[in-house]
Amino acid sequence: MNRKEKTDKMLDFTKNLFLDAFASISGFIYGFLVIGVVIGIIGIIIYLFLTIKYLIV
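First things first, this report covers the structure right here in the doc. A quick note: this is a predicted structure, and the numbers were derived from the prediction, not measured.

Cut-offs used in this document
Residues numbered from 1 in each chain as written. Predicted model: local features only at pLDDT ≥ 70, side-chain atom pairs only at ≥ 80, totals over all residues. Heavy atoms only, no water. Helix = DSSP H or I, 4+ residues; strand = E, 2+ residues; numbered from the N terminus. Rg over C-alpha atoms; globule rule 2.2 N^0.38 Å. Buried < 20%, exposed > 50% of the residue type's maximum accessible area, 1.4 Å probe, protein only. Lys, Arg positive; Asp, Glu negative; His and termini not counted. Charge placed at Lys NZ, Arg CZ, Asp CG, Glu CD. Salt bridge = Lys/Arg side-chain N within 4 Å of Asp/Glu carboxyl O. Phe/Tyr/Trp six-rings, centres within 6.5 Å; stacked < 30°, edge-to-face > 60°. Patch = residues over 30% accessible without salt bridge, like charges linked within 9 Å, V, L, I, M, F, W, Y side chains within 5 Å. Areas by Shrake-Rupley, 256 points an atom, 1.4 Å probe, with all protein chains shown as cover.

1. With respect to the overall build of the chain
Point 1. Secondary structure summary: the chain contains one helix and zero strands in total.
Point 2. Compactness check: the chain gives a C-alpha radius of gyration of 25 Å against a globular reference of 10 Å for 57 residues, more than 25% above the reference.
Point 3. The dimensions of the chain, computed from C-alpha atoms along their principal axes, are 80 × 10 × 5 Å.
Point 4. Within the chain, the fraction of its 57 residues that count as buried is 0%.
Point 5. Averaging the coordinates of the 6 positive side-chain charges in the chain and doing the same for the 4 negative ones gives two points 7 Å apart.

Structure (structure tokens):
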């Protein structure tokens, strides 16, 4: 294994490391947003249900 192959291997490893880190961070943010939106929708549904129930009675 000559010097160029070692350098290429090291650069490839570093690039993959950063790509994996970026993918995991973006996945975490996406998951956080999805959970937040779901909680918000559930809250709106409960709020509307209680409001309509109060208006009918």
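That covers the picture; the talk isn't over yet.
2. Description of the pattern of salt bridges
Point 1. Evaluated as defined, the whole model comprises one salt bridge.
Point 2. A salt bridge links Asp8 to Lys4; the nearest nitrogen and oxygen atoms lie 3.0 Å apart. Of this pair, Asp8 and Lys4 are both found in helix H1 (residues 3-56), four residues apart, which corresponds to roughly one turn of the helix.

3. Here's the deal with the packing of aromatic side chains
Point 1. In total, this model carries one aromatic pair according to the counting rule given.
Point 2. On the numbers, 6.4 Å between centres and 25° between planes, the contact of Phe28 with Phe32 is stacked. With Phe28 and Phe32 both in helix H1 and four residues apart, this pair spans about one turn of that helix.
Point 3. What makes Phe28 exposed here is its relative accessible area of 60%.
Point 4. Accessibility expressed as a relative area gives 60% for Phe32, which makes it exposed.

4. Some words on a nonpolar patch on the surface
Point 1. A cluster of nonpolar side chains, Tyr30, Val34, Val38, Ile42, Ile46, Phe49 and Leu50, forms an exposed patch at the surface whose accessible area comes to about 700 Å².
Point 2. Along the chain, Val34 turns up in helix H1.

5. Focus: the environment of Leu17
Point 1. On the secondary structure map, Leu17 appears in helix H1.
Point 2. On the basis of relative accessibility, which here comes to 48%, the residue Leu17 falls in the partly exposed class.

Function-wise, these values are silent; they only describe arrangement.
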